[in-house]
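Residues per chain are reported as follows:
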Amino acid sequence: MPPATKVNGCRPGVIGRGVSALALALGIAFAPTAQAFSPQPVLHLDASAAALGAALALPADAPAWRATPDALATACTAEPDGAIRIALLAGSVPRLRDATCRRSAAAQTLVLTLGHEALVFVVPSGRPMVPLDSVAVFRAFGAAAPRGTAAAAGTLLAPAAGTPSDALLGAMVLEHGCVTALPMGAVPHAAAARSVFCAALSEGNNVVRRRPGSAAEGVAQIRAWAASAPAGAIAAISLAEWIELTGVVTPVPLDGVLPTAANLAAGIYPASRQIKLAFVVPRAASQPARNAALDTGFALLAEAVIGPLGTLAGRGVTSLPPATRVDARLRLVDFLEAP
Amino acid sequence: MHLSRRSLNLLALPLACWLFAATPSAAQAEAEPSRGWLSDAATAVSNGFGSALDGASATLRTAWSFVLPEAPFDFVPERLGESDLAFIAMMQAAGLSLTEIEAGGGLLPDVRYRFVASREPSAADYARAARALTLHKSSYSGLRAIAHRRIVRTVLEAGEGGLYQVEMLEIAVRPWPSVRYVLAARERPIDVADRRLLEALRESQQR
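Here the structure is a predicted model, which is why all the values come from computation and not from measurement.

(A) Representation of the confidence of the model for chain B in the model. Residue and element names in this part refer to chain B. Averaged over chain B, the pLDDT score is 76; the fraction of residues at 70 or greater is 69%. Confidence drops under a pLDDT of 50 for residues 8-35, and excluding neighbours within four residues, the segment shows 13 contacts in the predicted structure. At the level of chain-chain contacts, confidence expressed as ipTM amounts to 0.76, with global pTM at 0.72.

Next comes the structure, spelled out in structure tokens:
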């Protein structure tokens, strides 16, 4: 409330007190409205990228991530306040969804790639490298695979349940092997049921799941495994863990492709997915809102986050080439400054 | 009877054609004795015009192929080229299986391939198909490969992230190339027969 002003050394009169009271009342009455027009963007964190939310360090005054099962769908829902929405997700953003989002949210959209997440199959260093394919992995370690079909099945150190690596193993390796190896009638038709059916790992003693824990604990578990692994043993680990354990374990090709940075960038390594940042900007968004979104966007695209030594790299996300990172920032500026 | 050289040629040409249609093998020809002057003359003419007749025969076969119905044997996957097989693999990755090959027709031969959704495609299916598309682009070139990629990309764009998915796809290669997509809603009411079956199952479970 502004202080009551003195006029010619007089004390505030009835009118002065009345104006102050009115201002206070108006302030209280319209406070929620003023908050509704806050220029800060709303951040949606998709379930597929939930583990990465903490890695995206934001300024102290930036809004917090809101976890949601489908961040893009939530971001594309028309909101009455017209706030700019930013969604972080893993996987691709189909063109159809993008077009639908633009129409439903009366907005413009920009989707940027931050990097790639990958699952790597490794053997202890010095052991013979046996190239793997999805069908062989499914036959050897999939619960739905008919027993006795695996040729010289070894043992698998599988990722902890519920981790991004586990999701990649199930969706990109086991499911592919499942639909390829099993007859059509043996595989559920519905996508959700098929995912559960195909992604289940064998209950036998040839599969050992890692215990959930911190990144350091995970690395320690793999190190211990590599020291005592029997012949024919393989481990499915994240890219970050492999980078941490270079020299201790050696990656093996999956479906004939090694998880190199070039293969990941080209999109030909099977057990990988892109990490995307989607901006949904309503056409009615104000300039202060665009400026605030630009600040937040720059914080998310900073070298400290998406660079080779950034926080995302620490979580196993490969960084993009320098020119691509610069291009992403330029595209964001162009997008948010466009009328 | 005296036959001039010109009339001999006129007589020999149709005979040579007839002989070509039922040409014995070289070994048989050597083993069999000469059957007289007419046969010898025909053989001589046939040898002289052999290469020309080979070409004429090929042309004739091509002409017949435009008129006669196509044989399905030539269009089964086992007889297709590497590029076509890669296309079928991409379609399978997207959840579409080759289920029918129609070959036939009359004056204008008709060959068409039908792909049907063998499963409800998941995000992982689409990701795999997109990866196969990237690999295909680096391995195959030419108009045919471009057309293959265009079809797969359309399937992905139509189905991925939408309310509809490609349920059936028909590709005609003869008499002229064409593509027909059938999109079906992901959530749709079941038909009468399926509903009866479902109700019967529920009833049996309740019992």
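(B) Local environment of the packing of helix 5 (residues 82-93) of chain B against helix 6 (residues 123-139) of chain B. Residue and element names in this part refer to chain B. Relative orientation of the contacting elements helix 5 and helix 6 amounts to 160 degrees, with a least axis distance of 8 Å. When the axis of helix 5 is compared with that of helix 6, the two are roughly antiparallel. Crossing hand, helix 5 versus helix 6: left-handed. In this structure, helix 5 contributes S83, A86, M90 and A93 to the contact, and helix 6 contributes D125, R128, A129, A132, L133 and H136.

(C) Geometry of the side chain of A:D98. Note on placement: A:D98 falls in helix 3 (residues 95-104). Apart from the residues within four sequence positions on either side, A:D98 is in contact with A:V93 and A:T109.

(D) Expanded view of the domain arrangement of chain A. Residue and element names in this part refer to chain A. What the domain assignment lists for chain A is domain 1 (17-115 + 273-335) and domain 2 (117-272). If you look at the interface, domain 1 gives eleven residues, while domain 2 gives eight residues. Together, the buried faces of domain 1 and domain 2 total about 780 Å²; carbon and sulfur atoms form 57% of this surface. When the area that domain 1 buries against domain 2 is broken down by residue, the three leading residues are R273, G316 and T318, summing to 70%.

Parameters at a glance
Residues numbered from 1 in each chain as written. Chains lettered and ligands numbered in written order. Predicted model: local features only at pLDDT ≥ 70, side-chain atom pairs only at ≥ 80, totals over all residues. Heavy atoms only, no water. pLDDT = per-residue confidence, 0-100. Contact = heavy atoms within 4.5 Å. Axes fitted to C-alpha atoms, helices over the stretch in contact; angles between N-to-C directions. Helix = DSSP H or I, 4+ residues; strand = E, 2+ residues; numbered from the N terminus. Parallel < 35°, antiparallel > 145°, perpendicular 65-115°, else oblique. Left-handed = near helix turned anticlockwise from the far one by under 90°. Domains from an automatic or database assignment. Buried area = accessible area lost by both parts, 1.4 Å probe.

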